[in-house]
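Examining the three-dimensional arrangement
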Amino acid sequence: MKGEAAIKVEDLTVAYGEKPVLWDVDLTVPSGVLMAIIGPNGAGKTTLIKAVLNLVNTAAGQVLIYGESYQKQRRLVGYVPQRGSVDWDFPTNVKDVVMMGRYGALGWLKRPGRQERDMALAALEKVGMSRYAERQISQLSGGQQQRVFLARALVQDALVYLMDEPFQGVDATTERAIVSLLQELRAQGKTVVVVHHDLQTVPEYFDWTALLNVRLIASGPVRDVFTEENLRLTYGGRVSFLRHGEPNGAPEDEKRTGERGI
Amino acid sequence: MKRGPEKGESNVDVPGLFSDLFFDYTLRTIALGSAILGIVSGALGSYAVLRKQSLLGDAMSHAALPGIALAFLLTGSKMPLVLIVGAAAAGWVATLFIMSIVNTTRVKYDTALGMVLSVFFGFGLVLLTIIQKRPDATQAGLDKFLFGQAAALLERDVVTMGILGASAILVTLLLWKEFKLLSFDPDFASTLGFPVRILDIILTTLIVIAIVLGLQTVGVVLMSAMIVAPAASARQWTDNLGIMIILSAFFGALAGISGALLSASVPRLPTGPTIVISVSVIVIVSMLLAPRRGILWRWWRERRQRGRLRLEGILEDLYSLALEHNDPGHAHSLSVLRLMSAGKGGVEKSLEILSERGLVRAVRPGEWALTTAGLEEAEKTMSERSGMSDER
């Protein structure tokens, strides 16, 4: 597996109805990087992650995980969805949610047992939530919910992690804790891909980045591609996109900025 | 409102009813059938409620009506099994319609549900009218599926219900962890390799089974109540999925049995509505009384909280006054304290409560000061409060 890209996305296009959400994206994520996907709202960051995970229908393109199809390599990939994607009033407790990360390895019909419980408790320890193992999930704060989801991904024991906005709505302390956890994962040789919003922290937290706005603007080491020029291309106006005359949902003023940029 | 047979009307012979329950063949059959219906719809309804698909049950049960009528028209048979298969097929087709409308058009889920429900139900009523106008005498009785009629249950119907219901519950137990994951986080389930769509189809099929089991007894119009109400009640009492499902099944059975017994003992009382009234009583009690989630419980807790905050506020006022005077024992007049609590009433009453607890004392009539214990208490609550804000 050494030397092979952890994730290789080729010609990926996703459309909801007639509106393209991702347009012809080619992205290579080398093994062992901690990567931020950045881009404005509606840029398709979440869709990109979901397309890699085969959760949305793609119009074109393919995704390879360590050189093989996602279906074959599913076990190697861990997922942290957006915190708001589930109903936190579901009748269950923290430990049970974390154990769900083992359900795939358990396979059909088998129930989680002592081994799964121990793994869950160890993961909760890692994210600093062991005191909350028996807590009903509706009683958690936003940061705690996020850490439960991280623990659930940890017990998956994956090689590649895809995380959708793990810093959303968490306080500064939790954010630092999560970052050091992600860096620890990278130190173990795992690949971590994070949808990220806070541009200021990109150089500090990550070593790799992809700038996305429907099309992939740039990707590579942070110090090479995290440039003003690329950021302007990503956020400033939808320049390159408009040139194709594709319909887009940008507000009027944004469209105008884009046109001036041509 | 009546709650179960034990609080029934005066013309109900309660002890007689209970002995009939065990020794009277008809009543035993009816009660058993209603209990099975309650258990199965209660257990599977839990998933419908947790997945926010409560109204899907409503659409499915209404849509079952044309299925029943068509099954009769095609086979000429009134065998419950034949009609149930027709009902299930129609409920299924309706669900497929709803899903494909949502997936292929801009019509939203609730609208699609309403459309399919009314179209199928209307079609069912038309078919029912046609059947009733036919000259042969065999058609009578299909309209009992509208509101249900437990009295018509035969032993072999109950056996059919038992087998179907037991299979549905067995599948639920086997796929326990899969259904739990599907209900909580379907996307995550999919990334783990579970075929979410197939699981969804299996679970929906089980809910259809739960619904058709009840059609003979409760009827198509009210069956959705048996899917939603026991589960919504059970959710009030527990935060554990397993306990919720068991409790929901129990509530369903309780409502089924009490409704069936009531309608059997009071002439001209229809079964379906009576069962639904019984389950409504369970819902009301659960919504009001359940610990933590119940309305009364929350009201009481808020009241207590408010009272406690008011006492703390006055302690703090006295504390800050004492700080200003550098003397904890300094007495302050009631009017000053009234001013400080910004016009909120009950200052005198609160002071009396505090003095009963030994936290304040009246130095002179109308003048109050902190005691040593009160001073400690005020310092404690204030440091707790600042500690709390640090944590956030």
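Not measured: the values here are computed from a predicted model.

In this section: the sheet that holds strand β4 (residues 60-65) of chain A. All names here are of chain A. Read from one edge to the other, the open sheet built from four strands follows the order β2-β1-β4-β5, with strand pairing classed as antiparallel. Unpaired on one side and paired on the other, β2 (19-29) and β5 (68-69) mark the two borders of the sheet. Inspection of the sheet shows β4 paired to β5 by two bridges, in the antiparallel sense. What sits directly across from I65, in β5, is E68. Against the sheet, helix α1 (residues 45-52) makes contact with β1 (7-16), β2 and β4, and its axis sits at roughly 120 degrees relative to β1, the strand it touches most.

Okay, the packing of aromatic side chains next. Residues and elements named next belong to chain A. Overall, the coordinates contain nine aromatic pairs over all chains when judged by the stated rule. With a centroid separation of 5.1 Å and an interplanar angle of 45 degrees, the aromatic rings of W88 and F149 are classed as tilted. In this pair, W88 sits in the loop between β6 (77-80) and α3 (94-99) while F149 sits in helix α6 (residues 142-154), placing the two residues 61 residues apart along the sequence. Neither residue differs from the other here; W88 and F149 are each classed as buried. On the numbers, 5.8 Å between centres and 45 degrees between planes, the contact of F167 with Y205 is tilted. Here Y205 lies in helix α8 (residues 202-205) and F167 lies in the loop between β7 (160-164) and α7 (172-187), a separation of 38 residues in the sequence.

On to the interface of chain B and chain A, then. Taken together, the contact pairs 29 residues of chain B with 33 residues of chain A. Regarding the contact of chain B and chain A, the summed buried area is about 2,700 Å², with carbon and sulfur atoms giving 62% of it. Between chain B and chain A we count six salt bridges in total. The partner of D96 of chain A in a salt bridge is K180 of chain B, with the nearest N and O atoms 2.9 Å apart. Our count for the chain B to chain A interface comes out at 14 residue pairs in polar contact (both at pLDDT 80 or more). When contributions to the side of chain B that touches chain A are tallied by element, the ones reaching two or more residues are α7 (155-174), α8 (176-184), α9 (186-191) and α12 (241-265) of chain B. The class makeup of the residues in the side of chain B that touches chain A is 14 nonpolar, five polar and 10 charged.

Turning next to the environment of N230 of chain A. Residue and element names in this part refer to chain A. Position of N230 among the secondary structure elements: in helix α10 (residues 228-236). A C-alpha to C-alpha distance of 9.9 Å links N230 and L212, two positions 18 residues apart in sequence. When near neighbours in sequence (up to four residues on either side) are disregarded, N230 contacts L211, I217, A218 and V225. For N230, the side chain forms a polar contact with the main-chain oxygen of V225, separated by 2.8 Å.

Residue and element names in this part refer to chain B. On average, residues of chain B carry a pLDDT of 84, and 90% of them reach 70 or more. Mean pLDDT values over the elements of chain B span from 68, in helix α1 (residues 14-23), up to 94, in α8. Across residues 1-10 the pLDDT falls below 50, and counting only partners more than four positions away or on other chains, this stretch makes 16 contacts in the model. Contacts for the low-pLDDT stretch residues 388-392, under 50 throughout, to residues beyond four places or in other chains number zero contacts. Of the two predicted TM-score estimates for the complex, the pTM is 0.81 and the ipTM is 0.86.

Residue and element names in this part refer to chain B. With respect to the secondary-structure elements, Q216 resides in helix α10 (residues 196-218). Taking relative accessible area as the criterion, Q216 reaches 8% and is therefore assigned buried. Reaching out from Q216, the side chain makes a polar contact with the side chain of D157 at a distance of 3.3 Å. Every residue in contact with Q216, bar those within four places of it in the chain, is listed here: P80, K144, F145, G148, Q149, A150, A152, L153 and D157.

Residue and element names in this part refer to chain A. When you tally the buried positions in strand β3 (residues 34-38), you get five out of five residues, the bulk of the element. In β3, alternate side chains face the same way, and those of L34, A36 and I38 on one face and M35 and I37 on the other are all buried. Relative to strand β8 (residues 191-195), β3 runs parallel, the two being bridged by four bridges. What sits directly across from L34, in β8, is V192. In terms of strand pairing, β3 meets strand β9 (residues 208-213) through four bridges, oriented parallel. The residue bridging A36 from the neighbouring strand is T209, located in β9.

Quick look at the packing of helix α3 (residues 54-75) of chain B against helix α4 (residues 80-104) of chain B now. Residue and element names in this part refer to chain B. Orientation of α3 relative to α4, taken along the N-to-C sense of each, is 130 degrees, at an axis distance of 6 Å. On the basis of their axis angle, the class for α3 and α4 is oblique. Both α3 and α4 take part in a crossing whose hand is right-handed. Of the residues in α4, those in contact with L56, A59, M60, A63, A64, G67, I68, A71, F72 and T75 of α3 are V82, L83, G86, A87, A90, G91, A94, T95 and I98.

Membership of the largest hydrophobic core comes to 166 residues, with the highest contact counts inside it found for I7 of chain A together with L215 of chain B. At 13 residues, the largest contribution of residues to this core is made by α10 of chain B. Of all hydrophobic cores here, the second largest spans 16 residues; its members include Y319, L321, L351 and W368 of chain B.

What counts and how
Residues numbered from 1 in each chain as written. Chains lettered and ligands numbered in written order. Predicted model: local features only at pLDDT ≥ 70, side-chain atom pairs only at ≥ 80, totals over all residues. Heavy atoms only, no water. Pairing = 2+ DSSP bridges. Helix = DSSP H or I, 4+ residues; strand = E, 2+ residues; numbered from the N terminus. Contact = heavy atoms within 4.5 Å. Axes fitted to C-alpha atoms, helices over the stretch in contact; angles between N-to-C directions. Phe/Tyr/Trp six-rings, centres within 6.5 Å; stacked < 30°, edge-to-face > 60°. Buried < 20%, exposed > 50% of the residue type's maximum accessible area, 1.4 Å probe, protein only. Buried area = accessible area lost by both parts, 1.4 Å probe. Salt bridge = Lys/Arg side-chain N within 4 Å of Asp/Glu carboxyl O. Polar contact = N/O pair within 3.5 Å; in protein donor to acceptor, adjacent residues only side chain to side chain. Nonpolar A, V, L, I, M, F, W, Y, C, P; charged D, E, K, R; others polar. pLDDT = per-residue confidence, 0-100. Parallel < 35°, antiparallel > 145°, perpendicular 65-115°, else oblique. Left-handed = near helix turned anticlockwise from the far one by under 90°. Core = buried A, V, L, I, M, F, W, Y, C linked by side-chain atoms within 4.5 Å.

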